[in-house]
Amino acid sequence: MTREIFLLRHGQTVWNRAGIIQGRKDSPLTLKGARQAEAMGVRLAEQLAGRGEYTVFASPLGRTRQSAAIVCDVIGYPDDQITFDDRLMETSFGRWENRSHSDVETNDSETSSQRNADRWNIRAPGGENYSDVGDRVLSFVGDLPTEGTIVVVAHGGMGRIWRGMHMGVAKTEIHTLPEPQDGFFRLTEGVCEYIES
Amino acid sequence: MYQDKLGTQVSQTIYLVRHGETVWNRQGRLQGQSDSPLTLLGICQAEAIGEALRSRLDGQPFEIHASPLGRTRQTAAIITDMLGRDYMSIEFDDRLMEITLGDRDGYAGWKAMARDFPEDWKRQQADPWHYAHPNGESSQMVKDRLTPVLAERRGHDIPTVIIAHGVVNKILRGLYLELSNEATYALDRPQDAFHHLSAGSIETIEVEVE
């Protein structure tokens, strides 16, 4: 059997809703976000039925810990067996974190436009570029077994960088990939399938 | 309005909420000031409490204070959503954090504690109110930091919703009713109910969790 990876994003958070950049900072799931995590768990349970053993990994940030706890409750995976891995954390936005997108675009317009023109190489001040994130995602994937079923609860930004690399999407197009919270992705050899909750 | 011992007219209504069930609650692990996320049941408890509060408050203005630990932030996010209130309007207060077990925050459980630290266990049983784990707090120390919190609520015309923790909420209730330390220590710590403090007495409001 080949390897399949179910890649989930955490549910909606308070800062997601308020349009505030989180990065490595954190805010709790909203009620909607908790329900989204539950719905993902329900759909994931259907996918996992009859699969046998699988392993759950998650980003150690609060919002992914919260989402993973909910998902694991639904699928029946023991929460003390979740493996937290720093390489799954969201892209760091450095000094832009805890600021709104519009604030950054208005008041840091020069760096913001430079970054928009080349996200692969340009970093938010004190943050990461796509290449940095790509390196750690590849490192994480490189440590995974080559066969079996893996569930990853992580983030929107690093999630689309992961999927972009997986699908060979042009570096300048990766930021246009969606970051859903009402569904998740199943990555197998050369394929990235969206599964709606 | 009721009058306290000094004959001062005090109008303070407090709704005291404990965070919903967490992963470590369910495992029997002792959290203290370490943290773990809410379980699905914990989320449902927060939702049910939020709904009950909404109907109790019935559109009245209110203040909302919470412990800044993860589990209370998570509970507060759900409750403010149920109340139609902005999460950013919550006043986070470090004094509302749970009692810390110091070096033993996150320990496997009471049985493991008793087994691994038998001398400390004896001392704790002998005087639970004043006992503190290494680098931790005693209940008395927590009472000392909560006393001004309750005092600050006096003279507030509008109700306060406080989202905090098991031990902290017991001590706040003990302070409110002027209970002995022994009686305070013996109070319960429900997660499918919350408390309404008003006119010198406390009402327990149970909620139905789906």
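For the structure, check the block above.
Residues numbered from 1 in each chain as written. Chains lettered and ligands numbered in written order. Predicted model: local features only at pLDDT ≥ 70, side-chain atom pairs only at ≥ 80, totals over all residues.

1. What about the overall build of chain B?
Next up, step 1: Summing up its helical and strand segments, chain B has eight helices and eight strands in all.
Next up, step 2: Over its C-alpha atoms chain B spans a radius of gyration of 17 Å, differing by no more than 12% from the 17 Å that the globule rule assigns to 210 residues.
Next up, step 3: Taking all 210 residues of chain B together, 38% fall into the buried category.
Next up, step 4: The long-range share in chain B, meaning contacts at least 24 apart out of those at least 6 apart in sequence, stands at 72%. (Helix = DSSP H or I, 4+ residues; strand = E, 2+ residues; numbered from the N terminus. Rg over C-alpha atoms; globule rule 2.2 N^0.38 Å. Buried ≥ 20, exposed ≤ 12 C-beta atoms within 10 Å, placed from the backbone. Contact = placed C-beta atoms within 7 Å.)

2. Brief notes about the interface of chain A and chain B
Next up, step 1: At the interface, 16 residues of chain A touch 16 residues of chain B.
Next up, step 2: Of all the secondary structure elements, the ones that give two or more residues to the side of chain A that touches chain B are α2 (31–48) and α3 (62–75) of chain A.
Next up, step 3: In terms of residues, the side of chain A that touches chain B owes the most to one element, α3 of chain A, which gives seven residues.
Next up, step 4: Counted by class, the side of chain A that touches chain B contains eight nonpolar, three polar and five charged residues. (Nonpolar A, V, L, I, M, F, W, Y, C, P; charged D, E, K, R; others polar.)

3. Side note on the sheet that holds strand β8 (residues 201–206) of chain B
All names here are of chain B.
Next up, step 1: A sheet is described by the order of its strands in space; here six strands give the open sequence β5-β4-β6-β3-β7-β8, paired in mixed fashion. In this open sheet, the two edge strands, each paired with only one partner strand, are β5 (91–92) and β8.
Next up, step 2: Of the pairings in the sheet, the one linking strand β4 (residues 63–66) to strand β6 (residues 160–164) comprises four bridges and is parallel in character. Along β6, the bridge assignment pairs I64 with V161.
Next up, step 3: Where helix α7 (residues 166–177) meets the sheet, it contacts β3 (14–18), β6, β7 (193–198) and β8, and its direction lies at approximately 155° from that of β3. (Pairing = 2+ DSSP bridges. Axes fitted to C-alpha atoms, helices over the stretch in contact; angles between N-to-C directions.)

4. Details of the sheet that holds strand β4 (residues 148–154) of chain A
All names here are of chain A.
Next up, step 1: Strand order in this open sheet of six strands is β3-β2-β4-β1-β5-β6, and the pairing throughout is mixed. Edge positions in the sheet fall to β3 (83–84) and β6 (191–196), since each has one partner strand and no second.
Next up, step 2: Sheet analysis places strand β5 (residues 183–188) next to β6, joined by six bridges and oriented antiparallel. Looking across to β6, one finds that F184 is bridged to I195.
Next up, step 3: Sheet contacts for α2: β1 (3–9), β2 (54–58), β4, β5 and β6; angle to β1, the most-contacted strand, approximately 170°.

5. Quick look at the nonpolar core
Next up, step 1: By size, the foremost hydrophobic cluster in this structure holds 74 residues, and its most contacted members are L7, L8, V71 and V152 of chain A together with V17 of chain B.
Next up, step 2: Setting aside residues up to four positions removed in sequence, V152 of chain A forms contacts with I5, F6, L7, L8, F57 and L88 of chain A.
Next up, step 3: Counting residues in each nonpolar core, the second largest holds five residues, with I21, F93, W96 and A124 of chain A among its members. (Core = buried A, V, L, I, M, F, W, Y, C linked by C-beta atoms within 7 Å.)

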